[in-house]
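Here are the chains, one letter per residue:
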Amino acid sequence: MYSFLFGWCRIPDNSMYPAAKDGDLVVFYRLDKDYEARDLIVLEVDGAKEVRRVVAVAGDNVDFENGMLVINGIPRREPGIYEKSEQFLKGIEFPIQVPEGKVFVLGDSRENSKDSRIYGTVDIKNTYGTVIMIVRRREF
């Protein structure tokens, strides 16, 4: 029953720093896929599980200006994000509107994260669920 409702994975890098560090374990709830902005979710990219933060949902317009994330024309001040949010030279074109059934995700370590700026929006069907707990394994 536990494995039907919950899952776990290990954070493989520091792309979610400071929320989660390399080596931390995350527990996720498989049945919650009604994502909202600021949710941490588990998804699969190139055969590996990753944890990313949802920043935009279906219908939202996403862009980047002056080192800031812009959602629906409004620059976002994001607590816990200490790096500039900029689009990459390689990746998708901006602005982008998030289609129905998809989400736009970013890593918290914006300069070191492979996320929707590279691979585009993520189909909700290809996600595992919402992170409900982070277990620190190093450097308390």
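The following refers to the structure shown. (Residues numbered from 1 in each chain as written. Predicted model: local features only at pLDDT ≥ 70, side-chain atom pairs only at ≥ 80, totals over all residues. Heavy atoms only, no water.)

Before going further, it helps to spend a moment on a nonpolar patch on the surface. A cluster of nonpolar residues, Ile132, Met133 and Val135, forms a patch on the protein surface that exposes about 250 Å² of accessible area. Mapped onto the elements, Val135 comes out in strand β11 (residues 127–135). (Patch = residues over 30% accessible without salt bridge, like charges linked within 9 Å, V, L, I, M, F, W, Y side chains within 5 Å. Areas by Shrake-Rupley, 256 points an atom, 1.4 Å probe, with all protein chains shown as cover. Salt bridge = Lys/Arg side-chain N within 4 Å of Asp/Glu carboxyl O. Helix = DSSP H or I, 4+ residues; strand = E, 2+ residues; numbered from the N terminus.)

Bringing the pairing of strand β6 (residues 68–71) into the picture now. Alignment of strand β5 (residues 61–65) against β6, held across four bridges, turns out to be antiparallel. Directly across from Val62, in β6, lies its bridge partner Ile71. The hairpin turn running from β5 into β6, its antiparallel successor, is two residues long, and Asn66 in that turn takes a positive phi close to 50°. The pairing of β6 with strand β7 (residues 74–75) spans two bridges and is antiparallel. Directly across from Val70, in β7, lies its bridge partner Pro75. Counting the residues between successive antiparallel strands, the hairpin from β6 to β7 contains two residues, one of them, Asn72, with a positive phi of roughly 55°. (Pairing = 2+ DSSP bridges.)

Overall, antiparallel pairing links the seven strands, which are arranged β1-β2-β11-β3-β4-β9-β10 in an open sheet. Since the sheet does not close on itself, it has two edges, and those belong to β1 (6–10) and β10 (122–123), each with one partner. As defined by bridge partners, strand β9 (residues 102–106) adjoins β10 across two bridges and the pair is classed as antiparallel. Bridge pairing links Lys102 to Asp123 in β10.

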